[in-house]
Amino acid sequence: MRKTSEQLRSARWFAPDDLRSFGHRSRLMQLGYSEADFMGKPVIGILNTWSELNACHSHFPERVEAVKRGVLAAGGFPVELPTLSVDESFTKPTSMLYRNLLAMETEETIRSHPLDGVVLMGGCDKTTPGLVMGGITANVPMIYLPAGPMMRGNYAGKTLGSGSDAWKYWDERRAGNVSDEEWQGLQGGIARSAGVCMTMGTASTMTAIVDAMGLTLPGASSIPAVDSAHQRMAADCGRRIVDMVWEDLAPNRIVTEASIRNGAIVAMATGCSTNAVVHIIAMARRAGVDLDLDDLDALGRTTPLLANVRPSGTGYLMEDFYIAGGIRGLMAQIADRLHLSCITANGKSLGENLDGAKVYNDDVIRPLSNPVYHEGSLAVLRGNLCPDGAVIKPAACDPKYYQHQGPALVFDSYAEMKAAIDDEDLDVTPDHVLVLRNAGPLGGPGMPEWGMLPIPKALIKQGFRDMLRISDARMSGTSYGACVLHVAPESYVGGPLALLQTGDIVKLDLENRRLDMLVAEDEIARRRAAWTPPEPRFQRGWGWMYSKHVTQADKGCDFDFLERGFGPAAGEPDIY
């Protein structure tokens, strides 16, 4: 049953004949609007994560105008509101430190303003989960507008993948194989337009997940940022959110256990970023869905990797993926594994949205009979080094590391590690296991993307490009290699990684999902008794608040007091 104008949330601000509503109406008139522009119409908030330091979102000023065009055409009243940009490149020590701040700002911006529905504009890594987490809790009709991937990179006739080729050519530069002129050329050619990384990094992973969850228009996550179809999609978001308001199609009807499972399955089939683990768990817990690492590992064991897109795939990038059929084409390949009855933002079921979806290049989007990798993108490890779990991306590393045993080379900070790996006289072999600790949610702080530890220069010059690496950090979704990440509990709070010593033998057994230090239990107990906690990272402000409430990686790194299980969300604000 459709709402009436009297039932609009914004009517509480504008409809009453009282002094406070007089003030609300007069202030909009101060902005140049007449009552005919807004009275009785859905007020649509456009939450925009644009900033002049977020290159991925540099096209958002134009897209806002397209959204407004759509809202107006559908009979709504659009208003743009800025939100924290949390760009990936410039925010230090890591944008992850501020994901929850964006989620809180999103929730409170929606709740405190006369908004009947919202279009959430994001794309760069943490903006997607941050906006969605806040939107889920606020629970007004919302639609997600993904930034879209940038154009493919190019230099000297070579196609470049953002992130992935930065790591690759940096290793070659460290080995002395890339000149200054070539390095400058790569620098100018690797990111050539607005949009997020065009590899299947965290940004494209997360937008694919929310697409599969039903929070975007069907297939929106695949559209390149500078394609004219992206402008049309933005206007369509504006038109559709107005109808979502009248239909009262709020997140609690879309984000369910089944839709979250759809998102997780699609993530595995895309060759997703390891960062998807912490974000999808956090989003699920906001919706009251108890998704954990074991659930994700089980899906990973049964969902083949079909998207032949770097870094897990070979050769292809996100524009190729879009042209080959995009996320709708991929989901059509695994439709029998998805919950097709889930309602989506356009008011139709996922199954209806997949009608007519096709794959136009079966090397880019593989059939089930010819997957890129027989299992999904991620695997979850357990063992005496990671009793609460750790994550590895098997499809993006050399299979010889699926079973590996070697001595640990342990570093307590990134600075210590960096100095050591640049020392050409470092005593290290390809069998060593590089270990970085104090890089988790509290230790980093913010769990920075430090987990793709650089290969020691001594090995780089011998031609080696991979080795087993372990940390409680994350790594960029554009990264690759034999990197074990998200070790939980983290070393900073006394997790077993804090007890590992250089020379201890570490064993990885991927088939059995084990990661262990081969150290006697009584010796581990002795080390634990001798361990002392480090000094707190923060004494005040946001960092202090963060450190008091952030959960560990296996729980999604949300704040404990923001999860659904902590208590009910705040009600509507009083207006007097």
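Our subject is the structure that appears above.
Residues numbered from 1 in each chain as written. Predicted model: local features only at pLDDT ≥ 70, side-chain atom pairs only at ≥ 80, totals over all residues. Heavy atoms only, no water.

Asks: Explanation requested: the pattern of salt bridges in the structure shown.
Replies: Pairing between side chains of opposite charge can happen when their charged atoms approach one another. In total, this model carries 38 salt bridges according to the counting rule given. A salt bridge links Glu572 to Arg12; the shortest N-O distance between them is 4.0 Å. One end of the pair, Glu572, is in the segment after α21 (541–549); the other, Arg12, is in helix α1 (residues 11–14), with 560 residues separating them in the sequence. Taking the relative accessible area as the measure of exposure, Glu572 reaches 43% and is therefore partly exposed. Note that Arg382 and Asp294 form a salt bridge whose closest N and O atoms lie 3.0 Å from each other. Taken together, the residues Arg382 in the loop between β7 (379–381) and β8 (389–392) and Asp294 in helix α14 (residues 293–302) connect sequence positions 88 residues apart. A relative accessible area of 45% means that Asp294 is categorised as partly exposed. In this structure, a network of salt bridges that share partners links the residues Glu88, Asp125, Lys126, Glu449 and Arg474. (Salt bridge = Lys/Arg side-chain N within 4 Å of Asp/Glu carboxyl O. Helix = DSSP H or I, 4+ residues; strand = E, 2+ residues; numbered from the N terminus. Buried < 20%, exposed > 50% of the residue type's maximum accessible area, 1.4 Å probe, protein only.)

Asks: How do you make sense of the state of the cysteines when you look at a structure like this?
Replies: Two cysteines form a disulfide when their sulfur atoms are joined by a covalent bond. Inspection of the entire model under this criterion finds zero disulfides. No disulfide involves Cys56; its sulfur sits 3.9 Å from the nearest other cysteine sulfur, which is in Cys124. Look at Cys56 and you get buried, because its relative accessible area is 14%. Free of any disulfide, Cys237 has its nearest cysteine sulfur in Cys56, 18 Å distant. (Disulfide = S-S within 2.5 Å.)

Asks: Got a minute to help me understand the packing of aromatic side chains in this structure?
Replies: Two numbers describe a pair of aromatic rings. These are the distance of the centres and the angle of the planes. If you walk through the whole model with that rule in mind, you get eight aromatic pairs. Residues Trp542 and Phe559 carry aromatic rings whose centres are separated by 5.4 Å and whose planes lie at 45° to one another, so their mutual orientation is tilted. Within this pair, whereas Trp542 is found in helix α21, its partner Phe559 is found in the segment after α21, the two being separated by 17 residues in sequence. Pair check on accessibility: Trp542 and Phe559 agree, each one buried. Across from the ring centre of Trp13, 5.9 Å away, lies the NZ or CZ of Arg12, which sits over that ring. (Phe/Tyr/Trp six-rings, centres within 6.5 Å; stacked < 30°, edge-to-face > 60°. Lys NZ or Arg CZ within 6 Å of the ring centre and 35° of its normal.)

Asks: Would you mind going over helix α16 (residues 326–333) with me for this structure?
Replies: Turn by turn, an α-helix covers 3.6 residues, leaving residues three or four places apart pointing in a common direction. The set of residues buried in α16 consists of Gly326, Ile327, Gly329, Leu330 and Met331. Where the residues of α16 are buried, they touch α9 (202–213), α12 (257–270), α15 (318–323) and α17 (350–354). (Contact = heavy atoms within 4.5 Å.)

Asks: Any chance you could explain the environment of Ala396 here in plain terms?
Replies: Within the fold, Ala396 resides in the loop between β8 and β9 (403–411). Sequence separation of Ala396 and Gly313 is 83 residues, and the distance between their C-alpha atoms is 7.9 Å. In this structure Ala396 touches Ser312, Tyr480 and Gly481, once residues within four positions along its chain are discounted.

Asks: Could you clarify how one ought to interpret the sheet that holds β7 in this entry?
Replies: Adjacent strands of a sheet form backbone hydrogen bonds with each other and so pair up, either parallel or antiparallel. Spatially, the eight strands line up as an open sheet ordered β7-β8-β12-β11-β10-β9-β13-β14, and their pairing is mixed. If you trace the sheet from one side to the other, it starts and ends with β7 and β14 (514–517), each paired once. This sheet shows a mean twist of 30° between the axes of neighbouring strands, independent of strand direction. With five bridges joining them, β9 and strand β13 (residues 505–509) adopt antiparallel strand pairing. Counted as the bridge partner of Pro407 is Ile505 from β13. The strands touched by helix α18 (residues 414–421) are β9 and β10 (433–436); relative to β9, the strand with the most contacts, the crossing angle is about 110°. (Pairing = 2+ DSSP bridges. Axes fitted to C-alpha atoms, helices over the stretch in contact; angles between N-to-C directions.)

Asks: Hey, could you run me through the packing of α9 against α12 in this one?
Replies: Each pair of packed helices can be summarised by the angle the axes make with each other and by the distance between the axes. Interhelical geometry of α9 versus α12 gives an angle of 140° and a closest axis separation of 7 Å. Judged by the inter-axis angle, α9 sits oblique to α12. For the pair α9 and α12, the sense of crossing is right-handed. Facing Ala208, Ile209, Ala212 and Met213 of α9, the residues of α12 in contact are Ser259, Ile260, Asn262, Gly263, Val266 and Ala267. Of the residues that constitute the contact of α9 with α12, the class distribution is seven nonpolar, three polar and no charged. (Parallel < 35°, antiparallel > 145°, perpendicular 65-115°, else oblique. Left-handed = near helix turned anticlockwise from the far one by under 90°. Nonpolar A, V, L, I, M, F, W, Y, C, P; charged D, E, K, R; others polar.)

Asks: I would appreciate a short explanation of the sheet that holds strand β4 (residues 142–146) in the present structure.
Replies: The parallel open sheet is built from four strands, whose spatial order is β2-β1-β3-β4. Edge positions in the sheet fall to β2 (77–82) and β4, since each has one partner strand and no second. Taken pair by pair, the neighbouring strands of this sheet meet at an average axis angle of 20°, ignoring direction. One ladder, built from five bridges, connects strand β3 (residues 117–122) with β4; its direction is parallel. In the strand pairing of β4, Val119 is matched with Ile143.

Asks: Can you walk me through the nonpolar core in this structure?
Replies: With 108 residues, the main nonpolar core has Val119, Ile260, Met283, Phe321 and Leu330 as its most contacted residues. Of all the elements, helix α10 (residues 228–247) adds the most residues to this core, at ten residues. When sequence neighbours within four positions are dropped, the list of residues in contact with Ile260 reads Met213, Val255, Ile280, Ala284, Ala287, Val289 and Leu291. Counting 48 residues, the second largest nonpolar core, distinct from the first, contains Ile392, Val410, Leu510 and Met517. (Core = buried A, V, L, I, M, F, W, Y, C linked by side-chain atoms within 4.5 Å.)

Asks: What should I look at first to understand the environment of Glu449 in this one?
Replies: You can see Glu449 is positioned in the loop between β10 and α19 (457–460). For the pair Glu449 and Asp472, spaced 23 residues apart in sequence, the C-alpha to C-alpha distance is 9.9 Å. Non-local contacts of Glu449, meaning those with residues more than four positions away in its chain, are made with Glu88, Asp125, Lys126, Thr202, Asn275, Arg474, Met475 and Ser476. For Glu449, the side chain forms a polar contact with the side chain of Asn275, separated by 3.1 Å. Side-chain polar atoms of Glu449 contact the side chain of Arg474, separated by 3.1 Å. (Polar contact = N/O pair within 3.5 Å; in protein donor to acceptor, adjacent residues only side chain to side chain.)

From the geometry alone we can't say anything about function, so treat these as descriptive.
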